[in-house]
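# Residue-level structure breakdown
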Amino acid sequence: LQIVVPEQTLNALEISDGSMIEVMGQVRSFNSRQETGRKLIISVFAEAVEICDGDPANEVELIGTICKDPIYRRTPLGREICDVMLAVNRPYRRTDYLPCILWGKTAQEVARKTVGARIHLAGRLQSREYIKVLDTGSERRTAYEISAISACMLDTETDEAP
């Protein structure tokens, strides 16, 4: 996962091998146009970085708008899952498009929603590997997504829970 840290923030830290750091910031995305097509790149823009010695944590909280029809399915082991792409606004008229995955009852609820629905979710940033089949063969890739632990549908006018 790419983490973008302002140079002066990085220079102010005394990081050594094995140091654990805490990064607080924004999950961001951009579309990279390559010869093989477009690829969504996910990164974290660090607003603050500090050296820490506590237990590792991975927490994401965001409010976004469903911008593609949710995809509901079951895993081979029968777990309910819903993939959803959220558009998350940030200042300066920019929008990040973040892939999210929801499970169980939450997956059922979000799968019934349509494009334009607003959602508040909390979860973690995760990665998974998959095989992409291409005309020239196959390629191992890594996908980054937000795995929701909880989600709440919001009123589209007020951004408050109904």
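### What about the pattern of salt bridges?
With the rule as written, the count across this model stands at 6 salt bridges. When the shortest N-O distance is used, the salt bridge between Asp96 and Arg90 registers 2.8 Å. Like Asp96, the residue Arg90 is buried in the burial classification. Among the salt bridges present, the one from Glu129 reaches Arg140, with a minimum N-O distance of 3.2 Å. In this pair, Glu129 sits in strand 8 (residues 118-134) while Arg140 sits in strand 9 (residues 137-154), placing the two residues 11 residues apart along the sequence. The same class applies to Glu129 and to Arg140, which are both exposed.

### Regarding the environment of Cys100
Relative to the assigned elements, Cys100 resides in strand 7 (residues 94-103). A residue is classified by how much of its surface remains accessible, and Cys100, at 2% relative accessible area, is buried. As for Cys100 and Asp17, which are separated by 83 residues in sequence, their C-alpha atoms are 32 Å apart. Setting aside its immediate chain neighbours within four residues, Cys100 contacts Cys82, Asp83, Val84, Leu86, Leu121 and Ile146.

### Re the packing of aromatic side chains
In this description, an aromatic ring pair is defined by two values, namely the gap between the centres and the angle between the planes. Applying the stated criterion across every chain, the model contains 0 aromatic pairs. Arg28 extends its terminal NZ or CZ atom over the ring of Phe45, reaching a point 4.3 Å from the ring centre.

### A word on the environment of Gln34
One can find Gln34 in strand 2 (residues 20-34). Spatially, the C-alpha atom of Gln34 lies 32 Å from that of His120, the residues being 86 residues apart in sequence.

### A few points about the sheet that holds strand 1 (residues 2-4)
Hydrogen bonding along the main chain pairs the strands of a sheet, whether they run parallel or antiparallel. In spatial order, the strands read 1-3-2; together these 3 strands make up an open sheet with mixed pairing. The open sheet terminates on both sides in strands that have one partner only, identified here as strand 1 and strand 2. If you compare each strand with its neighbour and ignore which way they point, the axes differ by 35 degrees on average. Note: strand 1 against strand 3 (residues 37-52), 3 bridges, orientation parallel. Pairing of Ile3 across the sheet is with Val44, part of strand 3.

Conventions used here
- Residues numbered from 1 in each chain as written.
- Predicted model: local features only at pLDDT ≥ 70, side-chain atom pairs only at ≥ 80, totals over all residues.
- Heavy atoms only, no water.
- Salt bridge = Lys/Arg side-chain N within 4 Å of Asp/Glu carboxyl O.
- Buried < 20%, exposed > 50% of the residue type's maximum accessible area, 1.4 Å probe, protein only.
- Helix = DSSP H or I, 4+ residues; strand = E, 2+ residues; numbered from the N terminus.
- Contact = heavy atoms within 4.5 Å.
- Phe/Tyr/Trp six-rings, centres within 6.5 Å; stacked < 30°, edge-to-face > 60°.
- Lys NZ or Arg CZ within 6 Å of the ring centre and 35° of its normal.
- Pairing = 2+ DSSP bridges.
- Axes fitted to C-alpha atoms, helices over the stretch in contact; angles between N-to-C directions.

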